[in-house]
Amino acid sequence: MTAVLNAPFVEALRAQSQAYHDQHPFHVRMNAGLLSRNQLQGWVANRFCYQLAIPRKDAAILANCPDVDVRRRWIRRIVDHDGTAAGEGGIEAWLRLGEAVGLSRGDMLSEQLIVPSVRFAVDAYVTFARTRPWVDAVASSLTELFAPDLLAERLAAFERHYPWIDGDGLAYFRARLHQAPRDSEHALEVVTEHCHTAEQQERAVAALAFKCDVLWSVLDGIDRAYPE
C-alpha cells in the first residue's frame, strides 16, 4: 500500500539504477570475460574493503534508529555478513572468493592491496551512515533494488568466462541472490513509510544517488590501479 501511495517517489528511487555501477566500463569488461587474472584479483581484494564496511554501516544505522521493529529486522544484515560463529557469513564467503581467485587470506585481511581512493570512498559511506539521519542511511542501501539482476548476471559471467575460479568460491553471490531482494524490500518499506514530505523524499533520493557514486568511485579506483 505504501509503495502504491508513493509511486512517484518509488519511481524516482528506482530511476537511480541508471547510475548503478553495473554500467561502469570495468564492470562491463568483467561480465564480458575481458579481465585478466590480476585485474580480477584486484577487484576481489578491493571490494573486500567494502564488504568489511557493510556491518559497520549497518551497526551505525541501528545505533541511530529509534524504531525497535526496524532494528529487529535490520540486525539480520549484520548476522548475514558477520555470521554467528567462525567460518560463517558473507565476509567469510568473500575471503573464500579471494582464495578461489588466487589471493591468500593474509593478503586480504591485511588490506595491503586496497587502493587509497577505494578506502576513501568506503569510509565516506560509513561516515554517511553514522552522521546522517537514519532514514537517509536506509535509503542509501537501496542499491540492493538493482542488485539481484546484477548478481545473477555476474554469477553466470564468472561461471562462463572464468572457469579457473573454483565454483565453491562463488557462494557469496549465490547467497545474495535471496538476501538482496529480502533486504531491499524491507528498506523500501521503511523509506516509503518514513519519508512523507517532499524534502524527506528528496533527501532519500539524494542518499541513494550518493551510494551509487560511492560504488562507481570504488570501480574508478580499481580501474586506474589495474589498467587493461
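Residues numbered from 1 in each chain as written. Predicted model: local features only at pLDDT ≥ 70, side-chain atom pairs only at ≥ 80, totals over all residues. Heavy atoms only, no water.

**As for the environment of Asp 183**
Reasoning step 1: Locating Asp 183 in the fold gives a position in helix H11 (residues 171-194).
Reasoning step 2: In this structure Asp 183 comes out as buried when scored by relative accessible area, which is 3%.
Reasoning step 3: Each C-alpha atom, one on Asp 183 and one on Ser 141, is 8.9 Å from the other, the two residues being 42 residues apart in sequence. (Helix = DSSP H or I, 4+ residues; strand = E, 2+ residues; numbered from the N terminus. Buried < 20%, exposed > 50% of the residue type's maximum accessible area, 1.4 Å probe, protein only.)

**Notes on the packing of aromatic side chains**
Reasoning step 1: For the structure shown, the criterion picks out 11 aromatic pairs.
Reasoning step 2: A centroid spacing of 5.5 Å and a plane angle of 55° characterise the contact between Trp 43 and Trp 94, whose relative ring orientation is tilted. Of the two residues, Trp 43 sits in helix H4 (residues 37-64) while Trp 94 sits in helix H6 (residues 89-100), which places them 51 residues apart along the sequence. Across the pair, Trp 94 and Trp 43 agree in class, each one buried.
Reasoning step 3: Centre to centre, the rings of Phe 158 and Tyr 162 are 5.5 Å apart; their planes meet at 70°, and the pair counts as edge-to-face. Grouping residues by exposure puts Phe 158 and Tyr 162 together as buried.
Reasoning step 4: We note Arg 37 situated over the ring of Trp 164; from NZ or CZ to the ring centre the distance is 3.9 Å.
Reasoning step 5: Just above the ring of Trp 74 sits the side chain of Arg 77; from NZ or CZ to the centre is 3.7 Å. (Phe/Tyr/Trp six-rings, centres within 6.5 Å; stacked < 30°, edge-to-face > 60°. Lys NZ or Arg CZ within 6 Å of the ring centre and 35° of its normal.)

**A closer look at empty space enclosed by the protein**
Reasoning step 1: Using the criterion set out here, one finds 1 cavity of 30 Å³ or more in the structure.
Reasoning step 2: Size it by volume and the largest cavity reaches roughly 300 Å³.
Reasoning step 3: As for the largest cavity, its lining consists of 24 residues, of which Arg 47, Tyr 50, Glu 144, Tyr 172 and Arg 176 are closest to the centre.
Reasoning step 4: At the level of elements, H4, helix H5 (68-82), helix H10 (147-161), H11 and helix H12 (198-225) are the ones that each hand at least two residues to the lining of the largest cavity.
Reasoning step 5: Considering every element that reaches the lining of the largest cavity, the biggest residue donor is H4, with 6 residues.
Reasoning step 6: Class assignment of the residues belonging to the lining of the largest cavity gives a composition of 10 nonpolar, 5 polar and 9 charged. (1 Å grid on protein atoms, 1.4 Å probe; cavity = no way out; pocket = protein on both sides within 12 Å on 5 of 7 lines; lining within 4 Å. Points joined across faces, edges and corners; volume = space filled by probe spheres on them. Nonpolar A, V, L, I, M, F, W, Y, C, P; charged D, E, K, R; others polar.)

**Remarks on the nonpolar core**
Reasoning step 1: If you look at the biggest cluster of nonpolar residues, it comprises 76 residues, and the most contacted ones within it are Leu 13, Trp 43, Trp 94, Phe 158, Phe 173 and Val 191.
Reasoning step 2: No other element matches H4, which puts 12 residues into this core. (Core = buried A, V, L, I, M, F, W, Y, C linked by side-chain atoms within 4.5 Å.)

**Points about the pattern of salt bridges**
Reasoning step 1: Inspection of the entire model under this criterion finds 17 salt bridges.
Reasoning step 2: Arg 119 is paired through a salt bridge with Glu 111; the nearest N and O atoms lie 3.1 Å apart.
Reasoning step 3: With a relative accessible area of 31%, Arg 119 lands in the partly exposed category.
Reasoning step 4: When salt bridges with common partners are traced through the structure, they connect Arg 77, Asp 80, Glu 144, Arg 176, Arg 182 and Asp 183 into a single cluster. (Salt bridge = Lys/Arg side-chain N within 4 Å of Asp/Glu carboxyl O.)

**What about H5?**
Reasoning step 1: When the terminal C-alpha atoms of H5 are compared, their 21 Å separation across 15 residues agrees well with the 21 Å that a helix rising 1.5 Å per residue should span.
Reasoning step 2: Three or more residues of H5 are buried, namely Val 70, Trp 74, Arg 77, Ile 78, Asp 80 and His 81. Take H5 and look down its axis: the buried residues cluster within an arc of 155°, on one side only.
Reasoning step 3: Structurally, the start of H5 carries an N-cap: the backbone nitrogen of Asp 69 is 2.9 Å from a side-chain oxygen of Asp 67.
Reasoning step 4: With its phi angle positive at about 75°, Gly 83 sits one or two positions after the end of H5. (Expected span 1.5 Å × (residues − 1). Arc of directions from axis to C-beta. Polar contact = N/O pair within 3.5 Å; in protein donor to acceptor, adjacent residues only side chain to side chain.)

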